[in-house]
Amino acid sequence: MHRLGGLLLRSQNIGLKALMTGSAECEEEAVRNERLVENQRLSDAMRRSWESGDFWIMYAARDNFAFDAIYWQGIDRRFFGPTAYEDDDVCDVWKERLHLLEPEEHEFMEKHEDLKLMEMEASNILAWDPDEHPLEYIRYMAKMSERSRS
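Caption draft 1: Spatial organisation of the side chain of aspartate 76. For aspartate 76, the location among the structural elements is in helix 4 (residues 67-80). When neighbours within four sequence positions are excluded, aspartate 76 is seen to be in contact with Tyr71, Gly81, Thr83, Val93 and Arg97.

In structure tokens, the structure reads:
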């Protein structure tokens, strides 16, 4: 996931230039044709958001599946500086950030971790089959198809 995040951040930069140029051109034409007023332009705000890194904060907040990759590839470095893991393998960066926690926060985190480990041992959570949901969906769709033929 972290490698994907690095690729995502780099690939987004490539497409962004085309998007920003196209958006600005469309806005310019719309202003000339009086379909848009000057203060309705979005491309400048979009560019500032991208350049400041605010875009990634909003994106990560909205997409929980992308959060880890985006956080460790961009947001963490923006607010807390570089780490020993500057390549795409950032799986252990969080260990470098533990000193930022207050003692109470560190204690809470350890208690929460212990609780989660106990829950994991008490349940069958590790036996989850990632293919089970798609298989169940296929069975459901086959059943629905069968019903529609009847």
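Next comes the rest of the account.
Caption draft 2: View of the side chain of glutamate 27. Mapped onto the elements, glutamate 27 comes out in helix 1 (residues 2-32). Within the buried set, glutamate 27 has no salt-bridge partner at all; the shortest N-O distance to an opposite charge, 4.2 Å, is to arginine 41.

Caption draft 3: Seen up close, the nonpolar core. Counting 11 residues, the largest nonpolar core is built from Leu16, Met20, Trp50, Trp56, Ala60, Ala66, Ile70, Tyr71, Trp72, Ile75 and Val93. Mapped onto this core, the elements with two or more residues apiece are helix 1, helix 3 (54-62) and helix 4. Ranked by residues supplied to this core, first place goes to helix 4 with 4 residues.

Caption draft 4: The packing of helix 3 against helix 4, seen in detail. Relative to each other, helix 3 and helix 4 sit at 145 degrees, their axes nearing to 10 Å. The two elements helix 3 and helix 4 meet at a crossing, and its hand is left-handed. Where helix 3 abuts helix 4, its residues Asp54, Trp56, Ile57, Tyr59 and Ala60 lie against Phe67, Ile70, Ile75, Arg78 and Phe79. Tallied by class, residues from the contact of helix 3 with helix 4 come to 8 nonpolar, no polar and 2 charged.

Caption draft 5: The pattern of salt bridges, seen in detail. Applying the stated criterion across every chain, the model contains 6 salt bridges. As a salt-bridge pair, glutamate 119 and lysine 116 come within 3.2 Å of each other at their nearest N and O atoms. In this pair, glutamate 119 and lysine 116 are both assigned in helix 6 (residues 103-122), 3 residues apart and thus about one turn of the helix distant. Its relative accessible area of 38% is what places glutamate 119 among the partly exposed residues. Connected through shared salt-bridge partners, Glu28, Glu38 and Arg41 make up one network.

Conventions and cut-offs
- Residues numbered from 1 in each chain as written.
- Predicted model: local features only at pLDDT ≥ 70, side-chain atom pairs only at ≥ 80, totals over all residues.
- Heavy atoms only, no water.
- Helix = DSSP H or I, 4+ residues; strand = E, 2+ residues; numbered from the N terminus.
- Contact = heavy atoms within 4.5 Å.
- Buried < 20%, exposed > 50% of the residue type's maximum accessible area, 1.4 Å probe, protein only.
- Lys, Arg positive; Asp, Glu negative; His and termini not counted.
- Salt bridge = Lys/Arg side-chain N within 4 Å of Asp/Glu carboxyl O.
- Core = buried A, V, L, I, M, F, W, Y, C linked by side-chain atoms within 4.5 Å.
- Axes fitted to C-alpha atoms, helices over the stretch in contact; angles between N-to-C directions.
- Left-handed = near helix turned anticlockwise from the far one by under 90°.
- Nonpolar A, V, L, I, M, F, W, Y, C, P; charged D, E, K, R; others polar.

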